[in-house]
Amino acid sequence: MKLLAKALTLAAVIIGAVWVLGTPPNLQAAAAAHGDAGAGHGQHHGPPVSADAPVLFRVGPLPVTNSMVYTWLIAGIIFLFVRAGTRRMQEVPTGAQNVVETAVEALEELTKGLLEPKVARWVFPFAATFFLFIVVSNLMGLLPGVGSIGTGTPAKGGLPFGVEHVDLPLFRPPTADANMTVAMAAVFFVMNLVWALRYNGPLGLVNHLFGVKGGMRGAIVIPLSLIFIFIGLIEVISMGIRPVALAMRLYGNIYGGESVLTIMLTNSPLGLGALPFYFLELLVAVVQALVFTLLAIAFTGALCSHEEEEGHEAHAH
Amino acid sequence: MGETLQTLGIQWPKLIAQLINFAIVLFVLWKWAYKPVLQMLELRRTKIAESVANADKIKQELARTEQARQEILAKADSEANKLIEEARAAAARLLEQETQKAVATANQIVTKAREANEAELARMKAELRREMGRLVVATAAQVTGKILTVEDHQRLVNEASQQIAA
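Small disclaimer: the values here were computed from a predicted structure and weren't measured. The residue numbers shown here count from 1 along each chain, following its written sequence. Written order determines the labels here, with chains lettered from A and ligands numbered from 1. With the structure being a predicted model, the display of local features is reserved for residues of pLDDT at least 70 and the display and counting of side-chain atom pairs for 80 or more, all residues being used for whole-chain, interface and lining totals. With hydrogens and water stripped out, all remaining heavy atoms of the structure feed into the side-chain values.

Caption draft 1: Main features of the interface of chain A and chain B. Here a residue-residue contact requires only that any non-hydrogen atoms of the pair lie within 4.5 Å. Contact residues are listed per partner, giving 45 residues for chain A and 29 residues for chain B. Joining two parts hides part of their accessible area as seen by a 1.4 Å probe, and the buried area is that hidden amount summed over both. Summing both sides of the interface, chain A and chain B together bury roughly 3300 Å²; the carbon and sulfur share of this comes to 75%. Per-residue buried area on chain A facing chain B is highest for A:Glu91, A:Thr129 and A:Asn179; these three make up 19% of the total on that side. Basic side-chain nitrogens of Lys or Arg form a salt bridge, by our definition, when they fall within 4 Å of a carboxyl oxygen of Asp or Glu. Linking chain A with chain B are two salt bridges, by the criterion used here. A:Glu91 is the partner of B:Lys47 in a salt bridge, and the nearest nitrogen-oxygen pair spans 2.9 Å. For this analysis, a polar contact is any N or O atom pair within 3.5 Å, provided that within protein one partner can donate a hydrogen and the other can accept it, and provided that sequence-adjacent residues contribute only side-chain to side-chain pairs. Across the contact surface, chain A and chain B share 10 residue pairs in polar contact (both at pLDDT 80 or more). A per-element tally of the side of chain A that touches chain B places helix α3 (residues 66–86) of chain A first, with 10 residues. Numbering goes from the N terminus for both helices and strands, where a helix is a DSSP run of H or I of at least four residues and a strand is a run of E of at least two.

Caption draft 2: Seen up close, helix α2 (residues 12–144) of chain B. Multiply 1.5 Å by the residue count of a helix minus one, and that product is the helix's expected span. Between its terminal C-alpha atoms α2(B) stretches 189 Å, which fits the 198 Å expected from 133 residues at 1.5 Å a residue. The largest bend in α2(B) amounts to roughly 40° and is located at B:Trp30. Bend at a given residue is defined as the angle between two axes, one fitted to the seven residues that end at that position and one fitted to the seven that begin there.

Caption draft 3: Structural view of the environment of A:Phe299. Residue and element names in this part refer to chain A. Relative to the helices and strands, Phe-299 resides in helix α9 (residues 275–303). For Phe-299, a relative accessible area of 18% puts it in the buried group. Beyond its immediate sequence surroundings of up to four residues, Phe-299 is in contact with Phe-188, Asn-192, Arg-242 and Leu-246. Only protein chains enter the accessibility calculation, which uses a 1.4 Å probe; a residue whose area is less than 20% of its type maximum is buried, one above 50% is exposed, and one in between is partly exposed.

Caption draft 4: Focus on a nonpolar patch on the surface. Residue and element names in this part refer to chain A. Judged by side-chain polarity, Leu-139, Leu-270, Leu-272, Leu-275, Phe-279, Leu-282 and Val-286 come together as a nonpolar surface patch covering roughly 720 Å² of accessible area. Note on placement: Leu-282 falls in helix α9. Classification of Leu-282 as partly exposed rests on a relative accessible area of 41%. Think of a patch as exposed residues, more than 30% relative accessible area, with no salt bridge, where like charges cluster within 9 Å and nonpolar side chains (Val, Leu, Ile, Met, Phe, Trp, Tyr) cluster within 5 Å. Per-residue accessibility takes into account occlusion by the displayed protein chains alone, with areas from the Shrake-Rupley method and a 1.4 Å probe.

Caption draft 5: How the structure looks around the side chain of A:Asp177. As for its position among the elements, A:Asp177 is in the loop between β4 (163–169) and α6 (178–200). Buried and unpaired, A:Asp177 has A:Arg172 as its nearest opposite-charge partner, separated by 5.5 Å. When charges are counted, Lys and Arg are positive and Asp and Glu negative, with His and the chain ends excluded.

Caption draft 6: View of the packing of α6(A) against α9(A). Residues and elements named next belong to chain A. To get an axis, fit a line to the C-alpha atoms, keeping to the stretch in contact for a helix; angles then go from 0 to 180 degrees between the N-to-C directions. Here α6 crosses α9 at 25°, and the two axes come no closer than 9 Å. Relative to α9, the element α6 is oriented roughly parallel. At the point where α6 passes α9, the crossing takes the right-handed sense. Across the interface between the two elements, Met-184, Ala-185, Phe-188, Asn-192, Trp-195, Ala-196, Tyr-199 and Asn-200 of α6 pack against Phe-292, Ala-296, Phe-299, Thr-300 and Leu-303 of α9. Under the scheme applied, nonpolar residues are Ala, Val, Leu, Ile, Met, Phe, Trp, Tyr, Cys and Pro; charged residues are Asp, Glu, Lys and Arg; polar residues are all the others, including Gly. When its residues are assigned to classes, the contact of α6 with α9 shows 10 nonpolar, three polar and no charged. Each angle gets one of four labels, with under 35 degrees taken as roughly parallel, over 145 as roughly antiparallel, 65 to 115 as roughly perpendicular, and the rest as oblique. Helix crossings fall into two classes, left-handed where the near helix is turned counterclockwise from the far one by less than a right angle and right-handed where it is turned clockwise.

Caption draft 7: Layout of the packing of aromatic side chains. Each aromatic pair joins two rings of Phe, Tyr and Trp (for Trp, the six-membered one) with centres within 6.5 Å, and gets the label stacked for planes under 30 degrees apart, edge-to-face for over 60, and tilted for any other angle. Within the structure shown, the criterion is met by 11 aromatic pairs over all chains. Taking 5.5 Å as the distance between ring centres and 5° as the angle between the ring planes, the aromatic pair formed by A:Tyr251 and A:Tyr255 counts as stacked. You can see A:Tyr251 and its partner A:Tyr255 sitting in helix α8 (residues 221–267), four residues apart, about one turn around the helix. A:Tyr251 sits in the buried class, given a relative accessible area of 5%. Under the relative-accessibility criterion, A:Tyr255 is labelled buried at 16%. Members of the aromatic cluster, joined through ring pairs, are A:Phe130, A:Phe133, A:Phe292 and B:Phe22.

Quick look at the structure:
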């Protein structure tokens, strides 16, 4: 699925490039003139969407970025929807309660299906929140106005409040802000460690990582233990890399999507070039939320499972 | 590393702020989505299990009732048959008794009739004897032309009676 999404993104970029190159000469001239003007005034340089979330204002020493503002909005919408769904719960669900129940039950089933019941109970609230927050953020990031309403150089002869390029958008999807994805990955990393310790115990965790697996006995354990210590070191390194990969994968996909949409909106007639990418981004929005959640569950499952079972499975294979 | 973090805009205050934001979302969802929904699902699961158990119980009850009904029907049937048999036997017995009674009565009537006949016959015979005795006496008186004495009369009657009887 991820490969498919990447392939589609690549194809989209190529199509976009062809579109821009194939734009009629007068539009190209206009774009060039715009570019010249921009260069001339020293205005917009660099990527179409800034890699970091710009600071809108400061509360004392604390910076408030546009992604934080949008996070609050998203949190508020989630809160209102969830309250509407569960304020007066009925045994025969209707409306918002149906939606909330379906989402919670599906995510609970997903977690239970991949983890032991005990571990699933610990992981479920976090995994479900990862999915719901990411999917709502991603989808709300596709709403018109997100990333396109803000301040910038006023456009000449355009509509009132029109800008040449939005230098400081009012909203930015939180998942397109590395701070949020890193924060979520950090939560996962810490909780993953807590669950692993709770499940295995400190010694058990060390044994789980560095111990000789496969139910070997006797003298063969001595050379094998060296190999397994090495494997354990790799495992520890990968434990450190996993959250980084989670954070960067999500950030990269959503930020990339934002960038492609911005390029296509500003560089195609009436912004129609962005239309196919909206469908792609709808898919990416859900897929990336699922990928983050599933990987978080799978990584937890790798640390919180019984070694004996693994040994038996290894024998069986 | 530092440059990458700089490019991505990762800074401690922003990171911690987003961490708090995520924690708030987690709390909101935990408090108002997961907890009530999971409780409701559990409640529904319990209710469904109860309903299924009740349905089983009702089914068993129904089967038991049906069995009892069948048993009662079978019992009633057999009792009815027994009653009919008894009634039939009683009727047969009664018929037999009545028949015997009728036969006895008929026999009695016949016996009485026979006795009456015989009495009548005896009476007629006696009448005849007496008539004959009188005739004999009358005849003898006419033939002999003499008036019989009481003794002769009695003697003649007796003789005639003896002869008739013989």
